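One letter stands for each residue in the lines below.
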Amino acid sequence: MSRKTEKSDELYSRACELMPGGVSSPVRAFRSVGGSPVYFKRANGARIEDADGNEYVDFCMSWGPLILGHAHPDVIAAVRQAAYDGLSYGACCESEIHLAELILEAEHKMDQVRFVSSGTEAVMTAIRLARGVTDRPRILKFEGGYHGHSDSLLVKAGSGLATFGTSSSLGVPESFAKETMVCALDDEEALKDVFYHFGSELAAAIVEPLPANNGLLEQRPEWLRLLRELCDRHGVLLIFDEVISGFRTRFGTYSDTLGVAADLLTLGKIIGGGMPVGAVVGPRSIMEELAPLGGVYQAGTLSGNPVSLAAGIATLQALKDPAVYEHLEALGSRLDKVLQSVKDELGYVSWRRVGSIVWLYLTEGVIPRAASFIDPVIVKRFNSIYSRLLDKGLYLPPSAYEVMFLSNAHTEDDVERLGSELHEALRGVDA
Ligand SMILES: Cc1ncc(COP(=O)(O)O)c(C=O)c1O
């Protein structure tokens, strides 16, 4: 093995004494791919360096926020200036207005924004708001969707087609979980069934219009339109969770490209440019139900802090230049070509790409649209090449179910390198 790991290993064993599993978020523990986590100490552009001095091309990019690459000069300058002016006021500041204006410029059918500090908080707030506005208890989510770790969303499908959820984490009482219904993606009949039986009890349906947390399960626009129609018919608010997809494929939401509108949007990741920012976005009639105007309570000490907002403003300003998305698309199509040649030779390589989001699906099978159709063989294959890719200086998200992100800082050389190292690594795998 060419890579040194002494420092990362030592840090990990110290961390395991001090923090559960040694980490601040579970996927970082490398449990799904095996081995121990890499500790990073600096990053710039598309490169990230670990504590032992190994350098990698980063295809995880902090799970999506860094569309401009690490430490983009405009973002760093804005953060530095904001930090000099004070890290947090716990009070109103002009940057809130700037970032809200940028978001609403893109989402011009929406009127207002509430800033929070994470995607989890954004979703939690949107759900509470929907329950408050409709005065209904239940929500509907979809199998394979991830919407953060609030109690209502840590719920998986129970048995049956139109199903009451069951908690997917200890500590979430079944009485909470049963207020969340779970339905399969891409299944018209299941959807109609759940609305037929429970439509009048549902406050909201929440979905990632481009589900990107359990593979990349791109949905058919007709299915999303049916969801929209059923929500309208039953007085259910439709929440599009665009924490990943917002500003990822264009300056605005992904759902706009499909022509299906949400009642509420949740954003995160890119709108914070690598700093903790989340947002609920919606029409005035719904948003003004939030405190202090309305009766739905929500608050946050560090919400709308000027340093995080500065990173988001600088990022969105840079994204107004269409050249960024053009570059990302050009990189993506280069990657398509490279992966196609790997597939032509080896067979068992598929992938799905939407803009700069790419999911490697290491089988010859059809890319699924619903979680239950994901072939588990991809896990074995992905895990068997993961550490080899690390040794070759490529850092991918440490799970077969996670997507990769390209950034504006990646080059054609980077994606070609990914293709050729994948090819090499897969050659040695027992297909
Ligand atoms: C679609 C979606 N919603 C919500 C979240 C939760 O966001 P956060 O991790 O910022 O709490 C995520 C996180 O990956 C996400 O992908």
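Throughout this description, residue numbers start from 1 for each chain and increase along the sequence as written. In keeping with the model being predicted, local features are shown solely for residues with a pLDDT of at least 70 and side-chain atom pairs are shown and tallied solely at 80 or more, while totals for entire chains, interfaces and linings include all residues.

Before going further, it helps to spend a moment on the environment of L309. The way it works is that DSSP assigns letters per residue, a run of H or I at least four long becomes a helix, a run of E at least two long becomes a strand, and they are numbered from the N terminus. Mapped onto the elements, L309 comes out in helix α10 (residues 306-319). Spatially, the C-alpha atom of L309 lies 41 Å from that of V366, the residues being 57 residues apart in sequence. Beyond its immediate stretch of four places on either side in the chain, L309 contacts S95, E96, L99, V277 and G304. A pair of residues counts as a contact when their C-beta atoms, built from backbone coordinates, are within 7 Å of each other.

Attention now goes to the site of the ligand. As a structural note, the neighbourhood of the ligand is formed by 15 residues, with S118, G119, T120, G148 and V243 the closest of them. If you tally residues by element for the shell around the ligand, the top one is helix α4 (residues 119-134), at three residues. Residue composition of the shell around the ligand, by class: five nonpolar, eight polar and two charged. Only the C-beta atom matters for this test: placed from the backbone, it must lie within 6 Å of a molecule or strand for the residue to be near it. Each residue is assigned to one of three groups, with Ala, Val, Leu, Ile, Met, Phe, Trp, Tyr, Cys and Pro labelled nonpolar, Asp, Glu, Lys and Arg labelled charged, and all others, Gly among them, labelled polar.

Moving on, we come to the pairing of strand β5 (residues 138-142). Field definition: a residue is buried when 20 or more other C-beta atoms are found within 10 Å of its C-beta, exposed when 12 or fewer are, and partly exposed for counts in between, with C-beta atoms placed from the backbone. β5 sits mainly inside the fold: five of its five residues count as buried. Because side chains alternate across β5, one face comprises the buried residues R138, L140 and F142, and the other comprises I139 and K141, equally buried. Any two strands between which DSSP finds at least two bridges are classified as paired. Pairing between β5 and strand β9 (residues 202-207): three bridges, direction parallel. Paired with I139 across the bridge in β9 is A204. Here β5 runs beside strand β8 (residues 180-183); their pairing, made up of four bridges, is parallel. Within β8, the position partnered with F142 by the bridge is C183.

Compared with an ideal rise of 1.5 Å per residue, which puts 16 residues at 22 Å, α4 spans 22 Å between its outermost C-alpha atoms and is within 8% of the ideal. Taken across its 16 residues, α4 has 13 buried, putting it largely inside the fold. Phi for D135, located one or two positions after α4, is positive at around 60°. Expected helix span is taken as 1.5 Å per residue step, with the number of steps being one fewer than the number of residues.

Time to look at the sheet that holds strand β1 (residues 40-44). The four strands are arranged β1-β2-β3-β15 in an open sheet whose pairing can be described as mixed. Single-partner strands in this sheet number two, and they are β1 and β15 (394-395).

Attention now goes to helix α11 (residues 322-346). Taking 1.5 Å per residue, 25 residues should reach 36 Å; α11 reaches 36 Å between its end C-alpha atoms and fits that length. Buried residues of α11: L328, L331, L335, L339 and V342, and no others. Within two residues after α11, G347 carries a phi angle of roughly 85°, on the positive side.

Okay, the domain arrangement of the protein next. Domains are outlined according to an automatic or database domain assignment. Each domain of the protein was delimited in the assignment, giving domain 1 (6-71 + 322-427) and domain 2 (73-319). Between the C-alpha centres of domain 1 and domain 2 there is a distance of 25 Å. Contacts between domain 1 and domain 2 engage 24 residues on the former and 28 residues on the latter. Where the side of domain 1 that touches domain 2 is concerned, the elements lending two or more residues are α11, β13 (350-354) and β14 (357-361). The greatest single-element share of the side of domain 1 that touches domain 2, amounting to three residues, is contributed by β14. Of the residues contributing to the side of domain 1 that touches domain 2, the split by class is 17 nonpolar, five polar and two charged.

Here we take up unusual backbone geometry. A291 connects to P292 through a cis peptide bond whose omega is 15°. Relative to the helices and strands, P292 resides in the loop between α9 (284-287) and α10. Even without glycine at this site, M61 takes up a positive phi of about 50°. Along the chain, M61 falls in the loop between β3 (55-58) and α2 (73-84). Not every positive phi belongs to a glycine, and S62 is a case in point at roughly 55°. Looking at the element boundaries, S62 is found in the loop between β3 and α2.

What follows deals with the sheet that holds β14. Reading across the sheet, the three strands line up as β13-β14-β16 and stay open at both edges, with antiparallel pairing between neighbours. Here the strands that pair on one side only, and so sit at the sheet edges, are β13 and β16 (404-405). Sheet topology note: the β13/β14 ladder contains five bridges and is antiparallel. Following the sheet pairing, V354 is matched in β14 by I357.

Of all hydrophobic cores here, the largest spans 129 residues; its most connected members are A130, A204, A205, L237, I239, L264 and A279. Residue assignment places this core across two domains, with domain 1 (6-71 + 322-427) and domain 2 (73-319) each supplying three or more. In contact with A130, not counting residues within four places along its chain, are A203, A204, L237, I239 and L264. We define the nonpolar core as any set of buried residues of the types Ala, Val, Leu, Ile, Met, Phe, Trp, Tyr and Cys, connected via C-beta atoms lying within 7 Å of each other.

Before going further, it helps to spend a moment on the pairing of β14. Most of β14 is tucked away, with five of its five residues classed as buried. Taking every second residue as pointing to the same face, both faces of β14 are buried, with I357, W359 and Y361 on one and V358 and L360 on the other. The turn linking β13 back onto β14 is made up of two residues, and G355 within it adopts a positive phi angle of 60°. Note that β14 and β16 share two bridges and pair antiparallel. What sits directly across from V358, in β16, is M404.

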